[in-house]
Amino acid sequence: MISKPTIAILCANGLGDALVQMTLANNIANQGCEVTFFSDIAASLDPLVDSYTIKPFPNRESLLDTIKTFDLCLYDSSGAYVRSMPKQAEEWCLENAVCYRMSDAPPRHTSIKVETLKNRLPTNSPISAAQFKFLNASLRGRYRSLYRPPVVQQLVNFLKSVAGFESVTLNNGLNAGVRKKQPKKVLIHPTSSNQRKNWPSDKFVNLVKELQTKGYDPIVTVAPNERQTWLKLCGEITEVPLFESIKDLAEFYRDAALFIGNDSGNGHLASALGVPTIQMFMGWKKSPAWRAGWAENTVITARFPFNLFKSKWAEGVTISDVMNEVTKISNEKIGE
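Residues numbered from 1 in each chain as written. Predicted model: local features only at pLDDT ≥ 70, side-chain atom pairs only at ≥ 80, totals over all residues. Heavy atoms only, no water.

Peer 1: Lay out the sheet that holds strand E6 (residues 185-189) in plain terms, naming residues and giving numbers.
Peer 2: Each strand in a sheet pairs with another by means of backbone hydrogen bonds, the pair being arranged parallel or else antiparallel. Strand order in this open sheet of five strands is E7-E6-E8-E9-E10, and the pairing throughout is parallel. With one partner strand each, in any of the chains shown, strand E7 (217-220) and strand E10 (297-300) form the two edges of the open sheet. For this sheet, the mean angle separating the axes of adjacent strands, direction not counted, is 20 degrees. Taken together, the four bridges between E6 and E7 define a ladder with parallel strand orientation. Paired with Leu-187 across the bridge in E7 is Ile-219. Across the face of the sheet, helix H10 (residues 246-253) comes into contact with E6, E7 and strand E8 (258-262) while running at roughly 140 degrees to E6. (Pairing = 2+ DSSP bridges. Helix = DSSP H or I, 4+ residues; strand = E, 2+ residues; numbered from the N terminus. Axes fitted to C-alpha atoms, helices over the stretch in contact; angles between N-to-C directions. Contact = heavy atoms within 4.5 Å.)

This is the structure in structure tokens:
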């Protein structure tokens, strides 16, 4: 009989990071492991996931005791929570846990040994110690050409071609219920974690108006602490709903026909729910990898000469650019 190893995953902090790394959790669970995925921002999504469990990060003082209860712990070395873990927990992880990273850079810790993993895993573990050792790396592909798949697809390729997982899936396990697409419902997400990545607010307001003239129903979705600002900007012309949790946001996003926004975690959320996405990126260098990678995605970046200056990129992306991409999306995706 194959034993079911218990696996803890300490995710990076952002919503986009969590949604991508939930694909890692889902694939490990699908191999026959019992997975607990730790993430503050994604914790409310636990009722929408069946194949593994999502919990908030443990209290730092109890982190070591918590991860010791699992057969194996995996952690993203780029996450702020992980970078500030107590010294005792870090020292234990150096010897006993698998450190990975989703960026091109290698993880901070690469000292875990296959023999250590063998000793920690049940004898008949469905994932071998060697396969887990492969995860002690940057879980990305190496692409010589300009084209690179979205990072979640790179992760899936890594699990299949490098770690040798069977029946690999792009699915991250998120199920917000049956999607009943509302053909005119367009999600507008005008913010991100970095102000420099944001298309200007006045352009988003004018985009809302332009979409309305074309018969669409654009709805502005922002975090609770951003809502008052956007109520003042466009509350008189469109809805700016209040979302108490990421779970509430996911259930609202599920039935939309289209998402339009910046390079942000909300784009990944919409995409993971099957919603086509249009994203404005500061530049092309990062956009191939960090665009939303589940549903159909279109990236818009600044045209020459605005793309030569990071501070000018937003001037090189017009409302017409966005509307042209909206009209290009097939009726099958956005529908009349």
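Back to the write-up after that little detour.
Peer 1: Just give me the short version of the pattern of salt bridges, but keep the residues and values in it.
Peer 2: Counted under the stated rule, the structure contains seven salt bridges. Residue Glu-115 pairs with Lys-118 through a salt bridge whose shortest N-O separation is 3.6 Å. Placement of both Glu-115 and Lys-118 in helix H5 (residues 114-120) is noted, with a separation of three residues, approximately one turn of the helix. Lys-118 gets classed as partly exposed once you look at its relative accessible area, which sits at 47%. (Salt bridge = Lys/Arg side-chain N within 4 Å of Asp/Glu carboxyl O. Buried < 20%, exposed > 50% of the residue type's maximum accessible area, 1.4 Å probe, protein only.)

Peer 1: An account of the nonpolar core is needed here, citing residue identities and associated values.
Peer 2: The tendency in soluble globular proteins is for nonpolar side chains to be buried side by side. The biggest cluster of nonpolar side chains holds 57 residues, and the ones touching the most others in it are Ile-28 and Leu-135. Sort the elements by how many residues they give to this core and helix H1 (residues 15-30) lands first, with nine residues. Membership of the second largest hydrophobic core comes to 28 residues, among which are Trp-199, Leu-207, Trp-230 and Ile-260. (Core = buried A, V, L, I, M, F, W, Y, C linked by side-chain atoms within 4.5 Å.)

Peer 1: Please give an account of unusual backbone geometry that cites residues and values.
Peer 2: Of all residues except glycine, most have a negative phi; of all peptide bonds, most are trans. A positive phi is found at Ser-167, a non-glycine position, where the angle reads about 50 degrees. Summarising the element assignment, Ser-167 is placed in the loop between helix H7 (151-161) and E6. What makes Ser-167 exposed here is its relative accessible area of 68%.

Peer 1: Quick rundown of the sheet that holds strand E2 (residues 34-38)? Include the residues and the values.
Peer 2: Read across the open sheet, the five strands follow the order E3-E2-E1-E4-E5; overall the sheet is parallel. The sheet is open, and its two borders are formed by strand E3 (53-55) and strand E5 (98-100), each paired with just one other strand. Between one strand axis and the next, the sheet turns by 20 degrees as a mean value, whatever way the strands run. In this structure, strand E4 (residues 72-76) lies alongside E5, joined through three bridges in parallel fashion.

Peer 1: Residue-level account of the pairing of E2, with values.
Peer 2: The side chains of a regular strand alternate between the sheet's two faces. When you tally the buried positions in E2, you get four out of five residues, the bulk of the element. One crossover worth recording links strand E1 (residues 6-10) to the parallel E2 by way of H1, and it is right-handed. Pairing of E2 with E3 involves three bridges; the strand directions are parallel. Across the sheet, the residue bridging to Phe-37 is Ile-54, located in E3. (Right-handed = clockwise from strand over helix to strand, strands pointing away.)

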